[in-house]
Amino acid sequence: MTDLRDTHLLVVGATGGLGAALSRRLVQEGARLTLAGRNEDKLSALARELGEAVVATVAADLSVPDGPAAVAAAAVADGGLDGVVYAAGVVAFGPLGELDDDTFDELLLLNFVAPVRLLRSLLPQLNPGSVVVHLSAVVAETPMKGMAAYSASKAALTGFGTAMAAELRRQKIRVLDVRPPHTQTGLHTRPISGTPPNLPEGLNPDAVASRIVAAIADDEASLPSSAFGA
Ligand SMILES: NC(=O)c1ccc[n+]([C@@H]2O[C@H](COP(=O)([O-])OP(=O)(O)OC[C@H]3O[C@@H](n4cnc5c(N)ncnc54)[C@H](OP(=O)(O)O)[C@@H]3O)[C@@H](O)[C@H]2O)c1
């Protein structure tokens, strides 16, 4: 069991639907948080809501090369960290022939390259017993047509997390790869390209966040889509 009370965690993408729900749930468990997002207004509003549990906030664009390092530097400004939850990401829809280079680059940068760069910057400051949580997605297990590049970006993140779990075990750092099914955060209504398909009602973000925080506390090694009961 991992006791989250008084731990200091970095939540990246805290301004998103899942990131905000995870932040609230982690604070309920007693964690102190550094919140990272891109939208400064949403970041300030969440920090006000969570009050004294917020150690710091940092606004950064993770798609630029220095973005992840800037987030890492802000998170460790006052000492070590006990973990990071990477909940930033973007989605795009459409067949391969309609996938332009900018969309492809942004999908890979946000969903795969940025968490790799972030973990590389954070590693020297992660305390033994730390947890690294990556929000991959069900499409890493079951890639979908019309979402090939998004599916591949998530499969890359899941592969990276599996290798990191083995690489960091001796440092007593745990990597939790999370692959939630469709969740009702509105992500699919904000694609960086393409038109969303008709999707059924997604899972409740608070329920998904609760399941993820329970997995962190229970030292689970992986959270497949089947763990969400969808
Ligand atoms: N919702 C689902 O159905 C679902 C299912 C499985 C996995 N996931 C994954 O879970 C993660 C969170 O998804 P969500 O549903 O919470 O989406 P969301 O509500 O749209 O949140 C996305 C987050 O990513 C941040 N972000 C996007 N582009 C950024 C950039 N260039 N620089 C820095 N931050 C950036 C956003 O920041 P700002 O708001 O501050 O701009 C926001 O915090 C994603 O990786 C997604 O793929 C979602």
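The structure under discussion appears in the preceding block.
### Observations regarding the overall build of the protein
Scanning the protein from terminus to terminus reveals six helices and seven strands. When the helices and strands of the protein are placed in sequence order, the string is β-α-β-α-β-α-β-α-β-α-β-α-β. For the protein, the C-alpha radius of gyration of 16 Å lies close to 17 Å, the compact-globule estimate for 230 residues. Looking at the 230 residues of the protein, the share that counts as buried comes to 47%. In the structure as shown, the protein presents an accessible area of about 10700 Å², 52% of it carried by carbon and sulfur atoms. For the protein, the distance from the average site of its 18 positive side-chain charges to the average site of its 25 negative ones is 5 Å.

### Considering the environment of Thr57
Inspection of the secondary structure assignment puts Thr57 in strand β3 (residues 54-59). Sequence separation between Thr57 and Thr34 is 23 residues; the distance between their C-alpha atoms is 5.6 Å. Beyond its immediate chain neighbours, meaning those up to four positions away, Thr57 contacts Leu35, Leu43 and Ala47.

### With respect to the site of the ligand
Near the ligand lie 29 residues; those nearest to it are Thr15, Asn39, Tyr150, Thr183 and Thr185. In the environment of the ligand, a nitrogen atom lies 2.9 Å from a nitrogen or oxygen atom belonging to the side chain of Asp61. Elements that contribute at least two residues to the shell around the ligand include exactly α1 (17-28) and α5 (148-168). Of the residues belonging to the shell around the ligand, the class tally is 13 nonpolar, 11 polar and five charged.

Definitions and limits used
- Residues numbered from 1 in each chain as written.
- Predicted model: local features only at pLDDT ≥ 70, side-chain atom pairs only at ≥ 80, totals over all residues.
- Heavy atoms only, no water.
- Helix = DSSP H or I, 4+ residues; strand = E, 2+ residues; numbered from the N terminus.
- Rg over C-alpha atoms; globule rule 2.2 N^0.38 Å.
- Buried < 20%, exposed > 50% of the residue type's maximum accessible area, 1.4 Å probe, protein only.
- Areas by Shrake-Rupley, 256 points an atom, 1.4 Å probe, with all protein chains shown as cover.
- Lys, Arg positive; Asp, Glu negative; His and termini not counted.
- Charge placed at Lys NZ, Arg CZ, Asp CG, Glu CD.
- Contact = heavy atoms within 4.5 Å.
- Near = heavy atom within 4 Å.
- Polar contact = N/O pair within 3.5 Å; in protein donor to acceptor, adjacent residues only side chain to side chain.
- Nonpolar A, V, L, I, M, F, W, Y, C, P; charged D, E, K, R; others polar.

No statement about biological role is implied by the geometric values presented.
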